[in-house]
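Results of the structural survey
Next come the chains, spelled out residue by residue.
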Amino acid sequence: MPYVEGESLRDKLVREKQLGIEGAVAIARAVAAALEFAHRHGVVHRDIKPENVLLQAGQALVADFGIALAVSQAGGSRMTETGMSLGTPHYMSPEQATGDRTLDARSDIYALGCITYEMLAGEPPYLGNTAQAIVAKILTETPTPVRKRRESVPRHVEAAIQMALAKLPADRFATAAEFGAALVNPGFTLSGTMAQAGAAPSDGRWKRRAQVGFGVAGLLAAATGYLLLRRPAPHEAPVIRVSMLLPRGEELRSGPYLRFAISPDGRALAYISSSGGTTSRLLLRILDQLHATPIPETQRPQTPFFSPDGKSLAFYAGSTEPITLKVVSLTGAPPATVLDSGLTGGVGGDWGADGYLYVSAVSGLARVPASGGPAEPLTKLDRAAGDIYHGWPQLLPTRDGVVFTVIRGNNREIAVLDLKTRAVRVLLAGTMPRYLPTGHLVYLRNDGTLLAVRFDPARRQVTGAPVAVVEGMAVRTYGVGDYVISSQGTLVYSGGGAGGGGVEFLNWVTRDGKPTQVDSSWTSDFITHALSPDGKRLVVSMVSEGPRDLWIKELDRGPLTRFTFEGQTNQRPTWSPDGNSITFISDRSGTSQLYRQPAGGSGTAELLTPKHEQRPIAEGFWSPDGKWLIYRTESSSGGSGDIMGFRPGIDTMPVPLVATRFAETAPGLSPDGKWLAYTSLESNQTDVFVRPFPKVDDGKWQVSVGGGREPVWAHNGHELFYKSNDDQMMVASLDLERGFGVRDRKQLFSTGDFDNDPEHARYNLSPDDQRFIMSRRGTGSGGEIVLVLHWFEELEARMGAKQ
């Protein structure tokens, strides 16, 4: 046997007693895969138990293959004191316990079911003082369902374990592979069927097993299922509007992206949740069930969308560069990466009936085959006109056009693309367009109103006047709203009006993560903010109707004063070291440039961008001694994302500080001005680095491990804060006595429910370094959404007769 460096599963269970659900399922699937291979080659293990599952480098290996069979054939026994057949009693199948020598693969599946049960419940399904007592229970009793011992276990996992532990081999899974797939299939039921989100409705026949334990919760689920799944005759279906409060631990996660998707038939909802952890992932809620289940291996998702058949889900993955596009099958197969670069993420996607995924890319819209392949550019951003994104694409049913949103600062317009000529034509003002089978184009307005207008997809033309059909939807940054509509007419949205799900509160947050609102009466969609050197004032860039301006707030409950009055977008402010002026980015001259204005509000803004710099500027700040102006160019186009510096009055040409082929972002100088922190993609993920300043080529040190972003220096100069890629606030203690070094890194708290930004720090430090100012969405992790059944009936009534 090969040497395995690690421990056995038994060692791990002795130490931890119960394992995390995802970890337990991963181990069970690995063992199932090993058994499947062995069974296909005619080998039945006969002694599957935690002692024979070895863990090496996070992988599970199954040991002792063939030993049990060899000993059995030799006529020996490893349990001579009881006279029983070969095996370990806690994990014996009933047929093995009765001495049946013609065992098959299903006996190993039973043993693996026992192990999976023990990993989740903390003990095997049957216990007894003697081996004979255990065997008697195996033959006569039914194990306690695992969810009665641990409620957090998903229902489909419980069902898979119960099927694996069936008394009769014929009632178990036929293969180990089927058991492994069921463990990660949210639609698996005890009947053994692999339910799909897009499957046909039930024929109404009851299964005998479904009657067991059918109590009040079951009656509620059945009633909900009846309303959702029965197909009423035309004009019979009433419009049903339901406010759904998601269960604790299954709430929506806050975020600037679209957080849920509905299957085409309206039977399933996929949404983003922390699900009790710190890293977001996708959950699947079949709407005739009371709980959602995690979709495995879907960490850090953005903007999910279903395939036309409802059997797969596409989503953007990652909150920092590089954003990837993934597809996951709802049958239990792991996600596959379809596109690994060039994406913006968070601004929509569509799985077209032509087999392409239509996505938002760095350069504009693009499409890629759902099976993977090179991306095909469809549109090109007009940077001169101020285009930021082309997003929310949807392929029209004619398959020769795409409706989408052009985002220019706070202005959003709905446009249509001719796929043959690649010509783009603007239709009307709004965002997030969706063409419906009713012949209407629906779209969102900044104030949270959903409008509908008749639309001819063949001519790609609006043919009527817009009508408001729903009010009070949540709208967040860049006009992102949580609303989805199935092709069968089910509408799902989160409420709250303009800024609703995007209403934010600024919070003081302690080092242990406890938030306290700065001013509970002050809400907005806070984009960027900066705390004055004395900690008494906050300059904030806020989104509202019209231009995005800077405002100054006297902390905590003082007045709010408008600071800028020009341009459409003013953001990323920083204070001068003496607190007398504010440097910020504005598009008032046509492109994003760097300006400075007295903090008192009087006087005019001074243009700071060097005349030799032709690229748009993303952010800028002064060195602590006031001699250097550091700035970063925008990273949204090739050759950009560079950190530059110059000395006004001395230098006429800016010098590159960190300017590589990788995008550099979020620069910041230490309080003594000797060290420059920034983030870079040079390690194929966003990480935090530090260089000496101004002699940046004299060294480079990586501070983060496994990814990091948004570095901010402590005022004491010996700590550097940053966020990890799994949304944890980290602090690195620094050794600066003999150069630069990192003493240690500590995790402080989860930042999942606070605003994050891959390119710029979205938090500030108090002067004593003990508190942070962070913006948090008013819905927190969100627990309530609105479900409207048969909404097309209401839509047709509001739109009236065809025009």
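As a starting point, this report considers the structure included with it. Because the structure is predicted, anything quoted here is derived from the model rather than measured.

A word on the overall build of the chain
Within the chain, the secondary structure is distributed over 11 helices and 52 strands. Contacts in the chain between residues far apart in sequence, at least 24 positions, make up 49% of those at least 6 positions apart. Only carbon and sulfur atoms are counted for the fraction: they give 52% of the accessible area of the chain, which is about 32,900 Å².

A short note on the pattern of salt bridges
Taken as a whole and judged by the stated rule, the model has 38 salt bridges. Three or more residues joined by partner-sharing salt bridges are found here, namely E7, K12, R15 and E16.

Focus: the environment of E619
For E619, the location among the structural elements is in strand β38 (residues 617–622). Accessibility expressed as a relative area gives 5% for E619, which makes it buried. Placed 14 residues apart in sequence, E619 and T633 show a C-alpha to C-alpha distance of 7.3 Å. In this structure E619 touches R572, I585, L594, I630, Y631, R632, A666, P667, E759 and H760, once residues within four positions along its chain are discounted. Reaching out from E619, the side chain makes a polar contact with the backbone nitrogen of A666 at a distance of 3.4 Å.

What about the packing of aromatic side chains?
According to the stated counting rule, one finds 17 aromatic pairs in the structure shown. Judged by centre distance (6.0 Å) and plane angle (65 degrees), the rings of Y763 and F772 are edge-to-face. Members of the aromatic cluster, each reached through a chain of ring pairs, are F721, F749, F754, Y763 and F772. Taking NZ or CZ as reference, R367 lies 4.5 Å from the ring centre of Y356, over its face. The lysine or arginine in question, R588, covers the ring of Y595, its NZ or CZ lying 5.1 Å from the ring centre.

Regarding helix α8 (residues 155–164)
Across the 10 residues of α8, eight count as buried, placing the element largely inside the fold. Taken together, the buried positions of α8 are H156, V157, E158, A159, A160, I161, M163 and A164.

A few points about the sheet that holds strand β14 (residues 356–361)
Strand pairing within a sheet occurs via backbone hydrogen bonds; the two strands may be parallel or antiparallel. Taking strand neighbours across the sheet as the criterion, the four strands line up as β13-β14-β15-β16 in an open arrangement whose pairing is antiparallel. Single-partner strands in this sheet number two, and they are β13 (349–351) and β16 (376–377). Pairing between β13 and β14: three bridges, direction antiparallel. Residue D350 lies in a different strand from β14, and its bridge partner there is Y358.

Observations concerning the nonpolar core
Core analysis: the biggest nonpolar cluster contains 49 residues, and L9, I27, M119, L120, F173 and F179 have the highest contact counts within it. At the level of elements, α1 (9–16), α2 (21–40), β2 (53–56), β3 (59–62), α5 (105–121), α6 (131–140), α8 and α9 (176–183) are the ones that each hand at least two residues to this core. At 10 residues, α5 tops the list of elements feeding residues into this core. Every residue in contact with I27, bar those within four places of it in the chain, is listed here: L9, L19, V53, L55, A60 and M119. If you look at the next biggest cluster of nonpolar residues, it comprises 41 residues, including L246, W392, M473 and I785.

Concerning α9
Looking at α9, one finds that the buried residues are A176, F179, G180, A182 and L183. Considered in projection along α9, the buried side chains sweep an arc of 160 degrees and stay on one side of the axis.

Let's talk about the environment of S494
Residue position: S494 is located in the loop between β27 (491–493) and β28 (504–510). Given the relative accessible area of 3%, S494 is considered buried.

A closer look at the pairing of β38
Summarising burial for β38: six of the six residues are buried, a large majority. Bridge count for β38 against strand β39 (residues 629–633) is five bridges, and the pairing is antiparallel. The residue bridging I617 from the neighbouring strand is T633, located in β39.

Some thoughts on the packing of α2 against α9
At their nearest, the axes of α2 and α9 sit 8 Å apart, and the two run at 160 degrees to each other. Judged by the angle between their axes, α2 and α9 are roughly antiparallel. For the pair α2 and α9, the crossing hand works out as left-handed. Contacts between α2 and α9 involve V25, A28, R29, A32, L35, E36 and H39 on the former and, on the latter, A176, A177, G180 and L183. Residue composition of the contact of α2 with α9, grouped by class: seven nonpolar, two polar and two charged.

Looking at the packing of α8 against α9
The axes of two packed helices give the description: the angle between them and the distance between them. Contact geometry for α8 and α9: axes closest at 8 Å, N-to-C directions at 160 degrees. What the angle tells us is that α8 and α9 run roughly antiparallel. For the pair formed by α8 and α9, the contact residues are H156, V157, A160, I161 and A164 on the first element and F179, A182 and L183 on the second. When the residues that make up the contact of α8 with α9 are grouped by side-chain class, the tally is seven nonpolar, one polar and no charged.

A few points about the environment of V424
Turning to its location among the elements, V424 is positioned in strand β20 (residues 424–429). The exposure class of V424 is partly exposed, given its relative accessible area of 43%. Here the alpha-carbon distance between V424 and T379, two residues 45 residues apart in the chain, equals 8.1 Å. Apart from residues lying up to four places away in sequence, V424 is in contact with T379, F404, A415, V416 and L417.

A word on the side chain of E794
Mapped onto the elements, E794 comes out in helix α11 (residues 791–799). In this structure E794 comes out as buried when scored by relative accessible area, which is 17%. If near-sequence neighbours (up to four positions away) are discounted, E794 is found in contact with V239, R241 and V469.

What about the sheet that holds strand β41 (residues 655–658)?
Here we have four strands laid out as an open sheet, ordered β38-β39-β40-β41, and antiparallel in their pairing. The open sheet is flanked by β38 and β41, the only strands paired with a single partner. Ignoring strand direction, the axes of neighbouring strands in this sheet form an average angle of 30 degrees.

Each value, and the rule that gives it
- Residues numbered from 1 in each chain as written.
- Predicted model: local features only at pLDDT ≥ 70, side-chain atom pairs only at ≥ 80, totals over all residues.
- Heavy atoms only, no water.
- Helix = DSSP H or I, 4+ residues; strand = E, 2+ residues; numbered from the N terminus.
- Contact = heavy atoms within 4.5 Å.
- Areas by Shrake-Rupley, 256 points an atom, 1.4 Å probe, with all protein chains shown as cover.
- Salt bridge = Lys/Arg side-chain N within 4 Å of Asp/Glu carboxyl O.
- Buried < 20%, exposed > 50% of the residue type's maximum accessible area, 1.4 Å probe, protein only.
- Polar contact = N/O pair within 3.5 Å; in protein donor to acceptor, adjacent residues only side chain to side chain.
- Phe/Tyr/Trp six-rings, centres within 6.5 Å; stacked < 30°, edge-to-face > 60°.
- Lys NZ or Arg CZ within 6 Å of the ring centre and 35° of its normal.
- Pairing = 2+ DSSP bridges.
- Core = buried A, V, L, I, M, F, W, Y, C linked by side-chain atoms within 4.5 Å.
- Arc of directions from axis to C-beta.
- Axes fitted to C-alpha atoms, helices over the stretch in contact; angles between N-to-C directions.
- Parallel < 35°, antiparallel > 145°, perpendicular 65-115°, else oblique.
- Left-handed = near helix turned anticlockwise from the far one by under 90°.
- Nonpolar A, V, L, I, M, F, W, Y, C, P; charged D, E, K, R; others polar.

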